[in-house]
Amino acid sequence: MRATAVVALLLHALPGSHGVATTFVRVPEDLAYAEAEARCTQIGAAIASIHSAAENELARTACGDLTSCWLGLVETGGDAGTAAANQTWLWQDPPAGTALPAYTNWAAGEPDNAGGVDQRNAIIDTAGEWHDSGDGSLGLGYVAYPLCRVAGELNFTLDHN
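Being a predicted model, the structure only gives us computed values, none of them experimental. (Residues numbered from 1 in each chain as written. Predicted model: local features only at pLDDT ≥ 70, side-chain atom pairs only at ≥ 80, totals over all residues. Heavy atoms only, no water.)

### Here's the deal with the overall build of the protein chain
Inference 1: Within the protein chain one finds two helices and nine strands.
Inference 2: Sequence-ordered secondary structure for the protein chain, helices as α and strands as β, is β-β-α-β-α-β-β-β-β-β-β.
Inference 3: Looking at the protein chain as a whole, 42% of its 161 residues qualify as buried.
Inference 4: Looking at the protein chain alone, contacts between residues at least 24 apart form 66% of all its contacts between residues at least 6 apart.
Inference 5: In the structure as shown, the protein chain presents an accessible area of about 8,400 Å², 53% of it carried by carbon and sulfur atoms. (Helix = DSSP H or I, 4+ residues; strand = E, 2+ residues; numbered from the N terminus. Buried < 20%, exposed > 50% of the residue type's maximum accessible area, 1.4 Å probe, protein only. Contact = heavy atoms within 4.5 Å. Areas by Shrake-Rupley, 256 points an atom, 1.4 Å probe, with all protein chains shown as cover.)

Printed below as a string of structure tokens:
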């Protein structure tokens, strides 16, 4: 017997502007960043972007108490020798494109390019703080769970064979 499904472990919704809810979904697969981004797209969502403290709390709760999750926040400039103040971090928000974050919740000392290695992706931890991270490919960097953002209410049917 084989079952194929993408299962959302936790769903959390927040009324947004113009009465449209925002829902965060953690997909229960430990994936590299590019795979996480693709998995969010596969379920009709986008890799999570966070635009307020209230959304950050919902994202933290959806991610869970025992793991970290990928955010759609990507460093676009600098290298391992570049000071954090000179790095540019952008939300990857399709279809609008990329956008500078108006809200951030970096942990103390982050982003820090740990170990002198340029960390170009971001994760949210169990406390809701953000850290820079590698992309998780080829065993390099951090591997985490996809955290997806869905505009509006999330409705889905789970078929099990």
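### A short note on the side chain of aspartate 132
Inference 1: Here aspartate 132 shows up in strand β8 (residues 130–133).
Inference 2: Of the side chains with opposite charge, arginine 120 comes closest to the buried, unpaired aspartate 132, at an N-O distance of 9.8 Å.
Inference 3: A distance of 2.9 Å separates a polar side-chain atom of aspartate 132 from the backbone nitrogen of aspartate 112.
Inference 4: One polar contact links the side chain of aspartate 132 to the main-chain amide nitrogen of asparagine 113, over a distance of 2.7 Å. (Lys, Arg positive; Asp, Glu negative; His and termini not counted. Salt bridge = Lys/Arg side-chain N within 4 Å of Asp/Glu carboxyl O. Polar contact = N/O pair within 3.5 Å; in protein donor to acceptor, adjacent residues only side chain to side chain.)

### Notes on the environment of histidine 131
Inference 1: Structurally, histidine 131 is set in strand β8.
Inference 2: Sequence separation between histidine 131 and tryptophan 106 is 25 residues, and the spatial gap between their C-alpha atoms is 6.2 Å.
Inference 3: Setting aside anything within four residues of it in sequence, one finds histidine 131 in contact with Trp106, Ala107, Glu110, Asn121, Ala122, Ile123 and Asp125.
Inference 4: A polar contact is formed between the side chain of histidine 131 and the side chain of glutamate 110, at a distance of 3.3 Å.

### Points about the state of the cysteines
Inference 1: Using the criterion set out here, one finds two disulfides in the structure.
Inference 2: With a sulfur-sulfur separation of 2.1 Å, cysteine 63 is cross-linked through a disulfide to cysteine 69. Where cysteine 63 bonds to cysteine 69 through sulfur, the torsion about that S-S bond is close to 100 degrees, and the disulfide is right-handed. Summarising the burial analysis for this pair, cysteine 63 and cysteine 69 share the class buried.
Inference 3: With its disulfide-bonded cysteines labelled consecutively along the sequence, the protein chain is connected as 1-4, 2-3. (Disulfide = S-S within 2.5 Å.)

### Side note on helix α1 (residues 33–42)
Inference 1: Three or more residues of α1 are buried, namely Tyr33, Ala36 and Cys40. In an axial view of α1, the angular spread of the buried residues amounts to 60 degrees, which keeps them on one side of the axis. When the buried face of α1 is taken as reference, the exposed residues oriented beyond 90 degrees from it are Ala34, Thr41 and Gln42.
Inference 2: On its buried side, α1 packs onto β3 (46–47), β4 (69–75), β5 (89–93), β7 (121–124) and β9 (145–151).
Inference 3: The first or second residue beyond α1 is glycine 44, which carries a positive phi of 80 degrees. (Arc of directions from axis to C-beta.)

### Concerning the environment of tyrosine 33
Inference 1: Tracing the chain through its elements places tyrosine 33 in helix α1.
Inference 2: Taking relative accessible area as the criterion, tyrosine 33 reaches 6% and is therefore assigned buried.
Inference 3: Tyrosine 33 has contacts with Ile47, Trp70, Leu71, Gly72, Val74, Gln92, Asn121 and Asp135, leaving out every residue within four places of it along the chain.

### Looking at the confidence of the model for the protein chain
Inference 1: Scored by pLDDT, the protein chain has a mean of 79; 71% of the residues are at 70 or more.
Inference 2: Taken element by element, the protein chain is modelled with least confidence in strand β1 (residues 11–15), mean pLDDT 45, and with most confidence in helix α2 (residues 53–63), mean pLDDT 95. (pLDDT = per-residue confidence, 0-100.)

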